[in-house]
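# Residue-level structure breakdown
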2 protein chains.
Amino acid sequence: MKYSIDHKSPIPLHAQAETLLRQLIAEEQFQNGMVLPNEVDLAKQLAISRTTLRQAINKLVFEGLLVRKKRTGTKVSNAAVSSKSNNWLSFSQEMKLRGIPIKNFELHVTWVFPDEYLANFFEIKTDRKVLKMERVRGKPDEPFVYFASYFHPRVGLTGDEDFKRPLYELLENDYSVIATLSKEEISAKAADSFIASKLKIPDGSPVLLRKRFVFDQGERPIEYNVGYYKADSFIYTVESTR
Amino acid sequence: MKYSIDHKSPIPLHAQAETLLRQLIAEEQFQNGMVLPNEVDLAKQLAISRTTLRQAINKLVFEGLLVRKKRTGTKVSNAAVSSKSNNWLSFSQEMKLRGIPIKNFELHVTWVFPDEYLANFFEIKTDRKVLKMERVRGKPDEPFVYFASYFHPRVGLTGDEDFKRPLYELLENDYSVIATLSKEEISAKAADSFIASKLKIPDGSPVLLRKRFVFDQGERPIEYNVGYYKADSFIYTVESTR
DNA sequence: AATGTTAATATGTTTGTACATTACAACATA
DNA sequence: TATGTTGTAATGTACAAACATATTAACATT
């Protein structure tokens, strides 16, 4: 087999198994509608226990990528959501897609102590400094988003990186940190004075608040990102199938 | 304990444990934000193994109802109402899952001529009437969402249906219309006077605007839905993997 | 030929056990 | 006083073993 599982890796076996299955399905080694090998054999092939394998399969079943059936086996669901539930574009790419030329300004990098909320997400203590990157984007006279990213110390960023490069490319190539999972929360809010000044809008104007929690393969937190978008400058679109 | 687990029941123990936890949370035996007993003890109390208990907890964690944290314990997520992509719970169902009792009021059904925008989406002419359903939801003294749904004439609704029933169930059972695809747009906006009065908030307050375009199996448009959510009463969550 | 029985095989359920990781607190030491 | 060190309690990960259940296929019986 092309891919395999590394028992020495810090990434949990079930997580490795999960991404491995994803890859095989994506590459159509396991094709749409095809039944995959039975659990006992597959576990043996991957050199993990059946229980661990089942953890991985369970997740994919929950996502709807796989369907279990007794006696018949577990098959790849071709109705497949394609799970490209969009949005693995970084922001600059998103905007280019809309034909809007965007500039970065007020790019600012510092080391800060995390607050409770962030320390909690990162699973670190509040006295452990983290790298914070802030930036404002838009046309210079018309900013439309302010956002702040915080990076887990584990990633190993020094603060001297070229943050004009696409972020996920930088992480992947130079730090071999692979972001595989993101959870986002989108809500509406009234701009406080800080945000209002950054976006050059009146206090209390509506903004779209977008929090993004990014994880690596082992589901370990690696980045926290908050963005404040001027109302109407950003529309979040989601497509989902059943 | 009021409820307990029956080892002789044909219902799997982990499933029993799952519903039991749901009940306890709904009844606020385990309240919002409260940490529940540690796994070892809880398993002992319920007379099931820790692993089995974890199966149950895992599901609720996946749903977002519980949050695990090392050393601290597992706590009930008091997070505001959220909506996951890729699952097709209608709004009332989402709320029930979290044990929040929600009421519909100001339910209102009329026939209207579509504007250009809607006619365009439905691919019909503007002189063809469509069914419009409006409603406000929340606690009676505290509305937190106003929304309007428009249904394509093709669906065949008469206006006399019981709109208190879950919508997709109604469409599926009584009209054999199966909604399989939805596209959503989420943005922030300032409430105009109409929305402000419906939600009992000041003019210009921020609201989350959610437009939903629903299609049937043949990708034909069947519903257009606009919702205005009071800021902070609704968080839209999206999870995506790569 | 239709029906019932059984065996095989897949997933489903449950337990017991062990060790890893994290966070905190209490204590001990420089 | 400041700084390690160790203990402890929680979740996280992993494995092995056994038994349950559902479905199919093959076979036997009527």
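Everything here concerns the structure above.
All of the points below concern the structure found in this document. (Residues numbered from 1 in each chain as written. Chains lettered and ligands numbered in written order. Predicted model: local features only at pLDDT ≥ 70, side-chain atom pairs only at ≥ 80, totals over all residues. Heavy atoms only, no water.)

### Describing the pattern of salt bridges
Here is the rule: A carboxyl oxygen of Asp or Glu within 4 Å of a side-chain nitrogen of Lys or Arg is what we treat as a salt bridge. The numbering of helices and of strands both runs from the N terminus, where a helix is a DSSP run of H or I of at least 4 residues and a strand a run of E of at least 2.
For the coordinates displayed, the defined rule picks out six salt bridges over all chains. Arg 54 of chain A serves as the salt-bridge partner of Glu 39 of chain A, at 3.2 Å between the closest nitrogen and oxygen. Here Glu 39 of chain A, found in helix α2 (residues 39–46), pairs with Arg 54 of chain A, found in helix α3 (residues 50–63); they are 15 residues apart in sequence, far enough to count as distant. We note a salt bridge from Glu 106 of chain B to Lys 198 of chain B, for which the minimum N-O separation is 2.8 Å. A residue pair is termed long-range when its members are at least 10 positions apart, and Glu 106 of chain B in strand β4 (residues 103–112) and Lys 198 of chain B in helix α7 (residues 193–199) qualify at 92 residues.

### A word on the pairing of strand β9 (residues 221–230) of chain A
Residue and element names in this part refer to chain A. Basically, it comes down to this: Whether a residue is buried, partly exposed or exposed follows from its accessible area with a 1.4 Å probe, protein chains only, as a fraction of its type maximum: under 20%, in between, or over 50%, in that order. By definition, two strands form a pair when at least two bridges between them are found by DSSP.
Among the 10 residues in β9, nine count as buried, and that is most of the element. The pairing of strand β6 (residues 142–151) with β9 spans seven bridges and is classified as antiparallel. Counterpart to Ser 149 in the pairing with β9 is Asn 225. Note that strand β8 (residues 206–216) and β9 share nine bridges and pair antiparallel. In the sheet register, Arg 210 faces β9, and the bridge partner there is Gly 227.

### Some details on the sheet that holds strand β2 (residues 66–69) of chain A
Picture the strands of a sheet paired through backbone hydrogen bonds; they go either parallel or antiparallel. Residue and element names in this part refer to chain A. Spatial ordering of the open sheet is given by β1-β3-β2, a layout of three strands whose pairing is antiparallel. The strands lining the two open edges of the sheet, one partner per strand, are β1 (35–36) and β2. Taken together, the two bridges between β1 and strand β3 (residues 73–76) define a ladder with antiparallel strand orientation. Counted as the bridge partner of Leu 36 is Thr 74 from β3.

### Points about the side chain of Arg 210 of chain A
Residues and elements named next belong to chain A. Note the cut-off: N or O atoms within 3.5 Å of each other form a polar contact, as long as, within protein, one can give a hydrogen and the other can take it, and as long as residues adjacent in sequence are counted only when both atoms are side-chain atoms.
Tracing the backbone through its elements, the reader meets Arg 210 in strand β8. Classification of Arg 210 as buried rests on a relative accessible area of 2%. A distance of 2.7 Å separates a polar atom in the side chain of Arg 210 from a polar atom in the side chain of Tyr 229.

### Quick notes on the protein's contact with DNA strand C
To keep it simple, the criterion reads: Any residue with a heavy atom lying within 4 Å of a molecule or strand is counted as near it.
Around DNA strand C sit 24 residues, and of these Arg 50, Arg 68 and Glu 123 of chain A together with Leu 13 and Thr 52 of chain B come closest. What you see for DNA strand C is that sugar and phosphate hold 74% of its atoms within 4 Å of the protein. The contact in question runs from a phosphate oxygen of DNA strand C to an N or O atom on the backbone of Glu 39 of chain A, over 2.9 Å. One of the side-chain N or O atoms of Arg 54 of chain A is found 3.2 Å from a phosphate oxygen in DNA strand C. Listing elements by their share of the surface near DNA strand C, those giving two or more residues are α3, β2 and β3 of chain A together with α1 (13–26) and α3 (50–63) of chain B. Here the element with the most residues in the surface near DNA strand C is α3 of chain B; it accounts for three residues.

### A short note on the environment of Leu 199 of chain B
Our working rule: What makes two residues a contact is simply this: any of their non-hydrogen atoms within 4.5 Å.
Considering the arrangement of structural elements, one finds Leu 199 of chain B in helix α7. Apart from residues lying up to four places away in sequence, Leu 199 of chain B is in contact with Pro 143, Phe 144, Val 145, Tyr 146, Val 207, Tyr 228, Tyr 229 and Lys 230 of chain B.

### Concerning α2 of chain A
Residue and element names in this part refer to chain A. This is how it is decided: Within this analysis, the arc is defined by the directions that extend from the helix axis to the C-beta atoms.
Taken together, the buried positions of α2 are Glu 39, Leu 42, Ala 43 and Leu 46. Buried residues along α2 cover an arc of 100° about the axis, so they all sit on one side. Residues of α2 that are exposed and point more than 90 degrees away from the buried face comprise Lys 44 and Gln 45. The backbone nitrogen of Val 40 lies 2.9 Å from a side-chain oxygen of the residue at the head of α2, namely Asn 38. Where α2 ends, the next residue or the one after it, Ala 47, has phi of about 60°, a positive value.

### Thoughts on the protein's contact with DNA strand D
With respect to spatial proximity, 21 residues lie near DNA strand D, and among them Leu 13 and Thr 52 of chain A together with Arg 50, Arg 54 and Arg 68 of chain B are the closest. A share of 75% is what sugar and phosphate atoms reach among the atoms of DNA strand D within 4 Å of the protein. Between DNA strand D and Thr 52 of chain A there is a distance of 2.6 Å, counted from a phosphate oxygen to a side-chain nitrogen or oxygen. In this structure, a phosphate oxygen belonging to DNA strand D sits 3.4 Å away from a side-chain N or O atom of Asn 38 of chain B.

### Describing the packing of aromatic side chains
Here is the rule we go by: Any pair of Phe, Tyr and Trp rings, taking the six-membered ring for Trp, is counted once the centres come within 6.5 Å. Such a pair is stacked with planes under 30 degrees apart, edge-to-face with planes over 60 apart, and tilted for the rest.
Using the criterion set out here, one finds 13 aromatic pairs over all chains in the structure. Here Phe 213 of chain A and Tyr 224 of chain A contribute two aromatic rings whose centre-to-centre distance is 5.2 Å and whose plane-to-plane angle is 35°, an arrangement assigned as tilted. Linking Phe 213 of chain A in strand β8 with Tyr 224 of chain A in strand β9, this pair joins segments that are 11 residues apart in sequence. Here Phe 213 of chain A matches Tyr 224 of chain A in class, with each residue buried. Ring centres 5.0 Å apart and planes at 75° place the aromatic pair Phe 121 of chain B and Phe 213 of chain B in the edge-to-face group. Taken as a pair, Phe 121 of chain B in helix α5 (residues 116–122) and Phe 213 of chain B in strand β8 (residues 206–216) lie far apart in primary sequence, 92 residues in all. Here Phe 121 of chain B matches Phe 213 of chain B in class, with each residue buried.

These results come straight from atomic positions and should not be treated as a statement about function.
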